[in-house]
Amino acid sequence: FYFLVKDLVLAHTLVLLVATIGTLLSFYAFLRYHVSSWSALVGMTLLAFVPYRIINLYIRGATPELFAGIFLPLLLIGIYTFFKDRRWWSSVLICVATTFLLLTHPMLFVVTSVVTLPYALYLAWPLKGKWSLLFVFGFLQFISLLAASYYIVPLSLEMKYFYYGQNDNYLRQNYYLGAQNYFSSAWYYYYTHPGPRGN
């Protein structure tokens, strides 16, 4: 984008725009498997204005997290078409979406497994005769992990050099957001450096 527009700020804004539109379109496509087009449009609009996404855009500038938002709905579409429609391309979609989710934001892969794994079990239920599908799904996830291992393995080995890796205990008092943080007119990223979080 920078080579096209010759403006660093505009180039970064365009990157964020692509991530935002990509996330909304993939979420809309996923919702269409379950609800009408009108309901999917409402859901997509609600996602566009979730406060955390606004914070990611305007305060944190969390580009990897914004791009990871594209791949979770694509992974869910892959899971749906894999278990329900038995489409040949669903295996490819599962691998590609999982790999890019791991490459853009590995921790979100862990967090979103709370959604993706129960969703896969829900679609496979009753499990009678579908154990092989669950095995194949697990194998596809393993292939994705191998595909992203060139990034994941060094990242896990070098985590001690990152801010996240310098803490041994993440369950300290005032480390997480409280109710008062959600009803404030001022959205701080940090009250003081390096914490606690203010938004």
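First things first, this report covers the structure right here in the doc. Note that the coordinates shown come from a computational prediction; the quantities given were computed from them, not determined experimentally. (Residues numbered from 1 in each chain as written. Predicted model: local features only at pLDDT ≥ 70, side-chain atom pairs only at ≥ 80, totals over all residues. Heavy atoms only, no water.)

A closer look at the overall build of the protein chain
Logical step 1: When helices and strands are tallied, the protein chain shows nine helices and zero strands.
Logical step 2: When its helices and strands are written in sequence order, the protein chain yields α-α-α-α-α-α-α-α-α.
Logical step 3: Looking at the 199 residues of the protein chain, the share that counts as buried comes to 34%.
Logical step 4: Considering only residue pairs separated by 6 or more positions, the protein chain has 58% of its internal contacts joining residues 24 or more positions apart.
Logical step 5: A total accessible area of about 12800 Å² is found for the protein chain, and carbon and sulfur atoms account for 70% of it. (Helix = DSSP H or I, 4+ residues; strand = E, 2+ residues; numbered from the N terminus. Buried < 20%, exposed > 50% of the residue type's maximum accessible area, 1.4 Å probe, protein only. Contact = heavy atoms within 4.5 Å. Areas by Shrake-Rupley, 256 points an atom, 1.4 Å probe, with all protein chains shown as cover.)

Quick word on the side chain of Ser90
Logical step 1: Structurally, the position occupied by Ser90 is in helix H6 (residues 89-104).
Logical step 2: Among the polar contacts made by the side chain of Ser90, one reaches the main-chain carbonyl oxygen of Arg87 at a distance of 2.6 Å.
Logical step 3: Dropping the residues within four chain positions of it, Ser90 is found in contact with Gly78, Thr81 and Phe82. (Polar contact = N/O pair within 3.5 Å; in protein donor to acceptor, adjacent residues only side chain to side chain.)

Observations concerning the layout of surface pockets
Logical step 1: The computed volume of the second largest pocket comes to approximately 170 Å³.
Logical step 2: The wall of the second largest pocket is formed by Leu16, Leu17, Thr20, Leu24, Ala48, Phe49, Ile54, Leu57 and Tyr58.
Logical step 3: Those elements giving two or more residues to the lining of the second largest pocket turn out to be helix H2 (8-31) and helix H4 (51-60).
Logical step 4: Ranked by residue count, the leading element in the lining of the second largest pocket is H2, at four residues. (1 Å grid on protein atoms, 1.4 Å probe; cavity = no way out; pocket = protein on both sides within 12 Å on 5 of 7 lines; lining within 4 Å. Points joined across faces, edges and corners; volume = space filled by probe spheres on them.)

Describing the packing of H6 against helix H7 (residues 106-124)
Logical step 1: Put simply, H6 and H7 touch, their axes get as near as 5 Å, and they point 125° apart. Between H6 and H7, the crossing angle belongs to the class labelled oblique. Across the interface between the two elements, Thr98, Leu101, Leu102 and Thr104 from H6 touch Pro106, Leu108, Phe109 and Thr112 from H7. (Axes fitted to C-alpha atoms, helices over the stretch in contact; angles between N-to-C directions. Parallel < 35°, antiparallel > 145°, perpendicular 65-115°, else oblique.)

Concerning the side chain of Thr112
Logical step 1: For Thr112, the location among the structural elements is in helix H7.
Logical step 2: Ignoring anything within four residues of it in the chain, the contact list for Thr112 reads Leu72 and Leu101.

Observations regarding the nonpolar core
Logical step 1: Residues Ile79, Phe82, Phe83, Ile94, Tyr119 and Phe137 are the most contacted members of the largest nonpolar core, which totals 27 residues.
Logical step 2: Top contributing element to this core by residue count: helix H5 (residues 63-85), with 10 residues.
Logical step 3: Sequence-distant contacts of Tyr119, that is, excluding residues within four places in its chain, are made with Phe30, His34, Leu76, Ile79 and Tyr80. (Core = buried A, V, L, I, M, F, W, Y, C linked by side-chain atoms within 4.5 Å.)

Brief notes about helix H8 (residues 131-147)
Logical step 1: Between its terminal C-alpha atoms H8 stretches 24 Å, which fits the 24 Å expected from 17 residues at 1.5 Å a residue.
Logical step 2: Within the span of H8, buried status applies to Leu133, Leu134, Phe137, Leu140, Gln141 and Ser144. Along the axis of H8, the buried residues cluster in a sector spanning 115°; they form a single face. Among the exposed residues of H8, those pointing more than 90 degrees away from its buried face are Trp131 and Phe135.
Logical step 3: Elements that come into contact with the buried residues of H8 comprise H5, H6 and H7. (Expected span 1.5 Å × (residues − 1). Arc of directions from axis to C-beta.)

Let's talk about a nonpolar patch on the surface
Logical step 1: A grouping of Tyr33, Trp88, Trp89, Val92, Val96 and Phe100 is seen on the molecular surface, where their side chains present a nonpolar patch of about 620 Å² in accessible area.
Logical step 2: As for its placement among the helices and strands, Val92 is situated in helix H6.
Logical step 3: Judged by relative accessible area, which is 46%, Val92 ranks as partly exposed. (Patch = residues over 30% accessible without salt bridge, like charges linked within 9 Å, V, L, I, M, F, W, Y side chains within 5 Å. Salt bridge = Lys/Arg side-chain N within 4 Å of Asp/Glu carboxyl O.)

Considering the environment of Leu72
Logical step 1: With respect to the secondary-structure elements, Leu72 resides in helix H5.
Logical step 2: The sequence separation of Leu72 and Leu108 amounts to 36 residues, and the corresponding C-alpha distance is 9.0 Å.
Logical step 3: Those residues in contact with Leu72 that sit more than four places away from it in its chain are Thr112 and Thr116.

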